[in-house]
Amino acid sequence: FEVHQMMLEDDDYNDSVKNIITSQGLNAEYAVATTGDNFSTMFAAMDDEYFQARAVDVKDISERIINILMGIGEATVSDEPSIIVAEDLAPSETVQMDKSKLLGFVTRLGSSNSHTAILARTMNIPALIQVDIKEEWNGKQAIIDGFSGKFIIEPEADVLEEYQKKQAEQQERRRLLAEQKGKPTVTKNGKAIKLFANIGSVSDLQSVMENDAAGIGLFRSEFLYLESDAYPTEEEQFKAYKMVAETMAGKKVIIRTLDVGGDKEIPYLALEKEENPFLGFRAIRLCLKREDLYRPQLKALLRASAFGQIKIMIPMVTCIEEIREAKALIEEIKKELDEKGIAYNKEIKVGIMVETAAASLMADVFAKEVDFFSIGTNDLTQYTLAIDRQNEKLDEFYNPHHEALLRMIQMVVDNAHKCGKWAGICGELGADPTLTEQFVRMGVDELSVAPSMVLKLRKIVREMNKAEK
C-alpha cells in the first residue's frame, strides 16, 4: 500500500491524467483508465522483474480510483448467505470473508490442492474450481454440489427438492457423527490414535471444539501475516498464540513457524519473483535469512508457551544444519527472556514438518535432534512425484496413494519410534478415510485434519480391529 501511495503521488502519473482531461476535454474516469493502461504497458515492457511486477499495481490503483470517481464501494460478500463466484481467490481473500455468509465458492482458475481449496475444506464449505463462470449468474439461485462437482444455476423445482433431501441426509449424518463426541479414539482391540485439528486462524477454534479434537496439530501461522497489510508485531502474534493456548485449556497446540513462498505470497514482504517459487526461497530458508521476521515470531511463541501446551514446528527442513540453526536461535531468545524475567515453558518441544524426500530419508538422523515429526503430505507428494500441485493439468498424475509416498511415511514413523519420538500426519492425506485403517496399522501416532473430519475418522477407528501391518 505504501508503493500504491507513492504511485498516486507520482508527478508523471498525475500530469498524464490532468493533461488528458484538459487537452482532450475528456472525463476523469477516462483519463485515469488511459493513464493506467499506458503506465501498465510501460512497466510490463521493462526488463527489470521488480518494475514488471509494478504493472499490476498501476492497474490496481487506477481501477480503485475509477471506482471512487464513480461512487462504487469496495466489493464485499452479500449481506445474505451467498455462493461467491470469481476468476480466482487468493488465500488472503478467502480467510477475510465472513464465514457466516459464505455458502461456498466457485472459481475459473485453481487446483484441488491449492491453499484456497484446503481452506474451503477447513471451513467445511463446498468449493468448485475450473468452472467456466458467467457474469449473468450474478444474483441467481444456485446449487453447489461439492460431492459430484456440479454447479446448477436456477434449478428446476424437482431438482431443488432432490438436493434439499440430500442436504437433510447430510445433516443427519453429521448428527450421527456428533454421537462420537467425548468417546476415545481407540480401536476395538485397544489401539489408540490421537485426532487433532488443523487451523489457519483464531476464528477456527470454535470448529475445533465443536468437533471434539484432542488438540491442534497444525496452526498455520502464516495466515496471521496473510490477513494483515503489514508485519504482525511480536505483541500481535503473542496475543493470537496466547488465545489459542488458553482456549485449548491444556491440550496440545502445534504452531508451524512462518511458511511463505510458493502460492502463499505476502506483498509487503517484497520477495523477489522466482522462476520456480515452490523450489525456492521459502519457509525455514527464508526465516533463517530474515531474523527480523523470525526472531519476533519465535519470541512470541515462547512467551505464549507459558499459557498452554504450545509446541514449535519448523517447516520445509532439508538438512540437519537448518534444525540446529533454528534451535540455536530459540536458545538465544530463551536467554533474553530469562534476563528480563519473562515466563515461558523452558521444556518447550521443537519438531519438524516432514515434507521433502530429504527429510524422510534422513528421519533416523533428524529424530535425534527433534522432539517430534509431523508429515506434510501435500508438499511431500508434490516433491516426491515431481508434480506441481497448483497445476490443474497435472491433477490426474497427483497420486497421494503412491506406494513411494506410503513407504516414506512408514520410514518416518519407524525411525521416530526407534528414538522414542512420535510421528503424525498433518497433510490432507491424513483426512482420507480410505487410508485411516492403514495409518493406524502403520503405527502413525496422530492424524491432524480439518476440524470437520475429526468425528468421521473417530468413527472409523472405533469400528476397526488393529491388526499387524
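To be clear, the structure that these remarks concern was listed above.
The rules behind these values
Residues numbered from 1 in each chain as written. Predicted model: local features only at pLDDT ≥ 70, side-chain atom pairs only at ≥ 80, totals over all residues. Heavy atoms only, no water. Helix = DSSP H or I, 4+ residues; strand = E, 2+ residues; numbered from the N terminus. Rg over C-alpha atoms; globule rule 2.2 N^0.38 Å. Buried < 20%, exposed > 50% of the residue type's maximum accessible area, 1.4 Å probe, protein only. Areas by Shrake-Rupley, 256 points an atom, 1.4 Å probe, with all protein chains shown as cover. Lys, Arg positive; Asp, Glu negative; His and termini not counted. Charge placed at Lys NZ, Arg CZ, Asp CG, Glu CD. Patch = residues over 30% accessible without salt bridge, like charges linked within 9 Å, V, L, I, M, F, W, Y side chains within 5 Å. Salt bridge = Lys/Arg side-chain N within 4 Å of Asp/Glu carboxyl O. Pairing = 2+ DSSP bridges. Axes fitted to C-alpha atoms, helices over the stretch in contact; angles between N-to-C directions. Contact = heavy atoms within 4.5 Å. Phe/Tyr/Trp six-rings, centres within 6.5 Å; stacked < 30°, edge-to-face > 60°. Lys NZ or Arg CZ within 6 Å of the ring centre and 35° of its normal. Core = buried A, V, L, I, M, F, W, Y, C linked by side-chain atoms within 4.5 Å. Expected span 1.5 Å × (residues − 1). Arc of directions from axis to C-beta. Polar contact = N/O pair within 3.5 Å; in protein donor to acceptor, adjacent residues only side chain to side chain. Disulfide = S-S within 2.5 Å.

A. Inspection of the overall build of the chain at higher detail. Each helix and strand counted, the chain has 19 helices and 13 strands in total. A compact globule built from 469 residues should have a C-alpha radius of gyration of about 23 Å, and the chain, at 24 Å, falls within 12% of that. In terms of overall dimensions, the chain has a C-alpha envelope of 85 × 65 × 40 Å along the principal axes. Every one of the 469 residues in the chain was classed for burial, and the buried ones make up 46%. Accessible area for the chain stands at about 23300 Å²; split by element, carbon and sulfur atoms hold 51% of it. Side chains of the chain give 57 positive and 78 negative charges; the mean places of these two sets differ by 10 Å.

B. Here's a closer look at a nonpolar patch on the surface. There is a patch of nonpolar side chains on the surface, built from L69, M70 and I72 and spanning about 280 Å² of accessible area. Secondary-structure assignment places L69 in helix α4 (residues 49-69). Residue class for L69 comes out partly exposed when judged on its relative accessible area of 41%.

C. Fine view of the pattern of salt bridges. Summed over all chains, the structure comprises 21 salt bridges. Residues K242 and E246 are paired through a salt bridge, measuring 3.1 Å at the closest nitrogen-oxygen approach. Linking K242 with E246, this pair stays in helix α10 (residues 234-247), spanning four residues, or about one helical turn. Judged by relative accessible area, which is 23%, K242 ranks as partly exposed. Beyond isolated ion pairs, a larger network of salt bridges with shared partners links E291, R295, E332 and E336.

D. Summary view of the sheet that holds strand β8 (residues 252-256). Read around the closed barrel, the eight strands follow the order β6-β7-β8-β9-β10-β11-β12-β13; overall the barrel is parallel. The sheet shows a mean angle of 30° between the axes of neighbouring strands, taken without regard to direction. Here two bridges tie strand β12 (residues 422-425) to strand β13 (residues 446-449), and the two strands are oriented parallel to one another. Looking across to β13, one finds that I425 is bridged to L447. Relative to the sheet, helix α17 (residues 403-418) contacts β10 (350-354), β11 (372-375) and β12, its axis offset from that of β12 by approximately 155°.

E. Up close: unusual backbone geometry. The phi dihedral of E154 is positive, around 45°, even though this residue is not glycine. Within the fold, E154 resides in the loop between β5 (150-153) and α7 (157-178). Classification of E154 as partly exposed rests on a relative accessible area of 48%. For D212, which is not glycine, the phi dihedral falls at a positive 60°.

F. Highlighting the packing of aromatic side chains. Overall, the coordinates contain five aromatic pairs when judged by the stated rule. Between F372 and W422 the ring centres are 4.8 Å apart and the planes differ by 0°, which places this aromatic pair in the stacked class. Of the two residues, F372 sits in strand β11 while W422 sits in strand β12, which places them 50 residues apart along the sequence. Between K166 and the ring centre of Y163, over which it is positioned, the NZ or CZ distance is 4.5 Å. Cation over ring: R303 sits above F238, and NZ or CZ is 4.0 Å from the ring centre.

G. Up close: the nonpolar core. Core analysis: the biggest nonpolar cluster contains 85 residues, and I216, Y241, Y294, I352, F373, I409 and F439 have the highest contact counts within it. Those residues in contact with F373 that lie beyond four places of it in its chain are I352, V354, A363, F366, A367, V412, A416, W422, A423 and G424. Membership of the second largest hydrophobic core comes to 13 residues, among which are F39, V58, I65 and I66.

H. View of α17. Helix length check: α17, at 16 residues, gives a terminal C-alpha distance of 23 Å against a target of 22 Å (1.5 Å per residue), a fit within 8%. In the stretch just after α17, G420 is the one whose phi turns positive, near 75°.

I. Examining helix α3 (residues 28-44) more closely. Compared with the 24 Å implied by 1.5 Å per residue over 17 residues, the 24 Å span of α3 between its first and last C-alpha is a close match. Restricting attention to buried positions, one finds in α3 the residues A31, V32, T35, G36, F39, S40 and F43. Looking down the long axis of α3, one finds its buried residues gathered within 155° of arc, a one-sided arrangement.

J. Highlighting the environment of Q52. Looking at the element boundaries, Q52 is found in helix α4. Note on Q52: relative accessible area 33%, which makes it partly exposed. For Q52 and T41, which are 11 residues apart along the polypeptide, the C-alpha to C-alpha distance reads 9.1 Å. In this view, Q52 contacts F43, A44, M46 and D47; residues no more than four positions away in its chain are not counted.

K. Layout of the pairing of β11. Of the two faces of β11, the one carrying F372 and S374 and the one carrying F373 and I375 are both buried. Where β11 meets β12, four bridges bridge the pair, whose relative direction is parallel. Across the sheet, residue F373 finds its bridge partner in β12, namely A423.

L. Structural context of the sheet that holds strand β2 (residues 102-107). The parallel open sheet is built from three strands, whose spatial order is β1-β2-β3. Each of the sheet's edge strands pairs with one partner strand only, and the pair in question is β1 (82-86) and β3 (127-128).

M. Spatial organisation of the side chain of Q237. Of note, Q237 is situated in helix α10. On the accessibility criterion, Q237 (1% relative accessible area) is buried. Polar side-chain contacts of Q237 include one of 3.3 Å to the backbone oxygen of P232. In contact with Q237, not counting residues within four places along its chain, are L224, Y225, P232, P296, Q297 and A300.

N. Region of interest: the state of the cysteines. For the structure on display, the rule yields zero disulfides. As a non-bridged cysteine, C419 has C319 as the owner of its nearest cysteine sulfur, 18 Å distant. Given a relative accessible area of 29%, C419 falls into the partly exposed group. C287 supplies the cysteine sulfur nearest to C426, a cysteine that is in no disulfide, at a spacing of 16 Å.

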